[in-house]
Amino acid sequence: MEEQFTNHLAVKYTSQWDELSVDQKKEAVREAVAIFQKYENTVGLRGAYVTQGFQAHTDLLFWMYADRFQDIQDLQLDLRRSTWGKYIDIPHAFTGMTKPFEFSEHPTSFQMGVPAREYLCFYPFIRTPEYYLLPKWERKALIGDHGNIGHEFIPGILTNGVYGFGLGDYEWLLSFETNNLGLLVDCVRKLRESKSRLYMQHEWPFIVGRNFELEDALSQYI
Amino acid sequence: MLISNLGRTRTKLLTSFQDLSDEQLNQNPSNKSWSIAQVLHHLYTSEKAMAGLVLDALQAKTEKVEEKDLTFITDRTKKSKAMSEPPNEMITKENLLQLLEKSRFQHLQFVFNETHERILAKKSMKHQDFGVISLKNAVDLIWLHEKRHIYQIHEIREKLNL
């Protein structure tokens, strides 16, 4: 499987944003959109998610992917230098890599050419040290059990897991995509019954958002 | 490259008809020619069938065979007969998108949830046109076949001035 970098960038507007006039905000948004367009041949944007109503720590979440990490970083540095970038904080940022999983390929939905859904539920996690010291057959059984629960919800929920080891504080980065929030609740609830949960050390923050076209997403906060 | 080829070809396929209405998708260029909707339905049934064959072959004891270059199947000047005819009734764009996602994210994804690309290269199956081929080649046929039909969609659009 071809490896790619992914990045989930959470953004929160500062209080100074609200002091700008509508025209100033529109101009700042146009500038930010132009920066994404400048990188459109090297950085894919899976979605721009408005998180209003889900979390207080984040206003927007961008999900990007690219063959080279430097393209993602250059885009984000351009955003930080822009007018728009002067009015945001970045509460969270997560970089990952698409790689085959230990027991199967399990490619991400965006790599398989499946379009993004209306909602995204993203969360990073760390397993306990004990998990990695289990015999391979036991890990395989645990992952199989977890996977079987997830498969019950396909294609209503698309799953995208990537490796985060060494690229940040987390080991795994997971993105669920769905058009049906009720199904998401059922799926996450059901996954709590998986035995692999016994080896979950930490999973925070959950970031949920609604997918918009980029300019529309940015314009929601004007 | 297998996953990447599947994904990139699918993205091109979805782009090739995203601006068309239900009526335009169901227009036939002639009595003997398929509509774009029929082409898309054919891609759904083909992908679903191939994923099933690969899953069956994964369970069986099979040999490793040499990889074949099957890119010639994208050549539209070489005619081939489809295994089954797509339905004649109107199919909405929404339905077609659902079917394509079903064959991709339910059936084919299941293959990759079971195994790795490297294992697909080590196992084989008998294909009615190409003889014994590796399972990796069998999955290659999905995106190559899709590529062939993307050309067909462009031809239909040209004929219908869409």
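Computed from a predicted model, the values in this text were never measured in an experiment. (Residues numbered from 1 in each chain as written. Chains lettered and ligands numbered in written order. Predicted model: local features only at pLDDT ≥ 70, side-chain atom pairs only at ≥ 80, totals over all residues. Heavy atoms only, no water.)

Engineer: Just give me the short version of the overall build of chain B, but keep the residues and values in it.
Structural biologist: Helix and strand counts for chain B stand at 6 helices and 2 strands. Rg of the C-alpha trace for chain B: 16 Å, near the compact-globule value of 15 Å for 162 residues, within the 12% margin. Buried residues in chain B amount to 51% of all 162 residues. Sequence-distant contacts in chain B: of pairs separated by 6 or more residues, those separated by 24 or more amount to 83%. Taken as a whole, chain B presents about 8500 Å² of accessible surface, with 51% of it coming from carbon and sulfur. Mean positive and mean negative side-chain charge positions of chain B (24 and 21 charges, respectively) differ by 4 Å. (Helix = DSSP H or I, 4+ residues; strand = E, 2+ residues; numbered from the N terminus. Rg over C-alpha atoms; globule rule 2.2 N^0.38 Å. Buried < 20%, exposed > 50% of the residue type's maximum accessible area, 1.4 Å probe, protein only. Contact = heavy atoms within 4.5 Å. Areas by Shrake-Rupley, 256 points an atom, 1.4 Å probe, with all protein chains shown as cover. Lys, Arg positive; Asp, Glu negative; His and termini not counted. Charge placed at Lys NZ, Arg CZ, Asp CG, Glu CD.)

Engineer: Explain the overall build of chain A to me, using residue names and the numbers behind them.
Structural biologist: The helix and strand inventory of chain A stands at 6 helices and 9 strands. Relative to the globule expectation of 17 Å for 222 residues, the C-alpha radius of gyration of chain A, 18 Å, shows essentially globular dimensions. Taken along its principal axes, the extent of the C-alpha atoms in chain A is 60 × 35 × 30 Å. Out of the 222 residues in chain A, the part that is buried amounts to 55%. A sequence separation of at least 24 residues applies to 81% of the contacts in chain A between residues at least 6 apart. A total accessible area of about 10200 Å² is found for chain A, and carbon and sulfur atoms account for 50% of it. Averaged over its 22 positive side-chain charges, chain A has a centre that lies 3 Å from the centre of its 30 negative ones.

Engineer: Can you lay out the interface of chain A and chain B for me, pointing to particular residues and giving the numbers?
Structural biologist: Quoted interface sizes are often the accessible area lost when the parts come together. Taken together, the 25 residues of chain A in the interface contact 22 residues of chain B. Here chain A packs against chain B, burying approximately 1900 Å² in sum over the two surfaces, 59% of which is carbon and sulfur. The largest per-residue losses of area from chain A upon contact with chain B belong to Glu2(A), Glu105(A) and Met112(A), which jointly make up 32% of the total buried on that side. Our enumeration of links across chain A and chain B arrives at 1 salt bridge. A salt bridge links Arg117(A) to Glu101(B), with the shortest nitrogen-to-oxygen separation between them at 2.5 Å. Here the side of chain A that touches chain B gets 3 residues from one element, more than from any other, and that element is strand β6 (residues 157-163) of chain A. Considered class by class, the residues forming the side of chain A that touches chain B number 12 nonpolar, 8 polar and 5 charged. (Buried area = accessible area lost by both parts, 1.4 Å probe. Salt bridge = Lys/Arg side-chain N within 4 Å of Asp/Glu carboxyl O. Nonpolar A, V, L, I, M, F, W, Y, C, P; charged D, E, K, R; others polar.)

Engineer: Would you mind going over the pairing of strand β1 (residues 124-127) of chain B in detail, with residue names and values included?
Structural biologist: Residues and elements named next belong to chain B. With 4 bridges connecting them, β1 and strand β2 (residues 131-134) associate as antiparallel partners. Considered in β2, the bridge of Ser-124 is made with Ser-134. Linkage of β1 to β2, two consecutive antiparallel strands, is achieved through a turn of 3 residues. (Pairing = 2+ DSSP bridges.)

Engineer: So what's going on with the UniProt feature "domain: DinB-like" (unreviewed entry) in chain B? Which residues, and what values?
Structural biologist: Per the UniProt annotation, the sites labelled "domain: DinB-like" (unreviewed entry) are residues 6-153 of chain B. Here residues 6-153 of chain B runs as 57% helix and 5% strand, with 18 Å between its end C-alpha atoms. (UniProt positions renumbered as here; feature names shortened; annotations may be inferred.)

Engineer: Describe the nonpolar core, naming the residues involved and giving the relevant values.
Structural biologist: One recurring pattern in soluble globular proteins: nonpolar side chains tend to sit buried together. Ranked by size, the top nonpolar core spans 32 residues in total, and within it Trp17(A), Leu60(A), Phe62(A), Trp84(A) and Leu218(A) carry the most contacts. Take this core: its biggest share by element is 6 residues, from helix α1 (residues 22-38) of chain A. In contact with Trp17(A), not counting residues within four places along its chain, are Lys25(A), Ala28(A), Val29(A), Trp84(A), Tyr87(A), Tyr221(A) and Ile222(A). Core analysis: the next-biggest nonpolar cluster, separate from the first, contains 29 residues, Leu2(B), Leu70(B), Ile73(B) and Ile142(B) among them. (Core = buried A, V, L, I, M, F, W, Y, C linked by side-chain atoms within 4.5 Å.)

Engineer: Could you give an account of the environment of Val54(B), naming the residues involved and the relevant values?
Structural biologist: Residue and element names in this part refer to chain B. Along the chain, the position of Val-54 falls in helix α3 (residues 36-59). Sequence separation of Val-54 and Glu-101 is 47 residues, and the distance between their C-alpha atoms is 18 Å. What Val-54 contacts, discounting residues up to four positions off in sequence, is Val-111, Leu-120, Met-125, Leu-135, Ala-138 and Val-139.

Engineer: Describe the packing of aromatic side chains, and please don't skip the residues or the numbers.
Structural biologist: Residues and elements named next belong to chain A. Inspection of every chain in the model, using the stated rule, returns 23 aromatic pairs over all chains. Measuring from centroid to centroid gives 5.7 Å for Phe-101 and Trp-172, while their planes differ by 15°, and the two rings are stacked. Taken together, the residues Phe-101 in the loop between β4 (88-97) and β5 (119-127) and Trp-172 in strand β7 (residues 172-178) connect sequence positions 71 residues apart. Grouping aromatic residues by their ring pairs yields a cluster made of Tyr-13, Trp-17, Phe-36, Phe-62, Trp-84, Tyr-87 and Tyr-221. A cation sits over an aromatic face here: Arg-46 above Trp-63, 5.8 Å from the ring centre. (Phe/Tyr/Trp six-rings, centres within 6.5 Å; stacked < 30°, edge-to-face > 60°. Lys NZ or Arg CZ within 6 Å of the ring centre and 35° of its normal.)

Engineer: Before we move on, could you go through the pattern of salt bridges and cite the residues and values that matter?
Structural biologist: In the structure shown here, the tally under the stated rule is 22 salt bridges over all chains. Residue Lys99(A) is joined to Glu3(A) by a salt bridge in which the shortest nitrogen-to-oxygen separation is 3.1 Å. On the criterion of sequence distance, the pair formed by Lys99(A) in the loop between β4 and β5 and Glu3(A) in the segment before β1 (5-13) is long-range, its members being 96 residues apart. Accessibility expressed as a relative area gives 36% for Glu3(A), which makes it partly exposed. The partner of Arg76(B) in a salt bridge is Glu155(B), with the nearest N and O atoms 2.8 Å apart. Of the two residues, Arg76(B) is situated in the loop between α3 and α4 (93-114) and Glu155(B) in helix α6 (residues 135-160); the sequence distance between them amounts to 79 residues. Judged by its relative accessible area of 16%, Arg76(B) falls in the buried class. Residue class for Glu155(B) comes out partly exposed when judged on its relative accessible area of 30%. Several salt bridges converge on common partners, so that one network encompasses Arg10(B), Glu47(B), Arg104(B) and Glu146(B).

Engineer: An account of the side chain of Thr9(B) is requested, with residue identities and associated values reported.
Structural biologist: Residue and element names in this part refer to chain B. Looking at the element boundaries, Thr-9 is found in helix α1 (residues 2-17). Taking the relative accessible area as the measure of exposure, Thr-9 reaches 7% and is therefore buried. At 2.6 Å, the side chain of Thr-9 and the backbone oxygen of Asn-5 are in polar contact. (Polar contact = N/O pair within 3.5 Å; in protein donor to acceptor, adjacent residues only side chain to side chain.)

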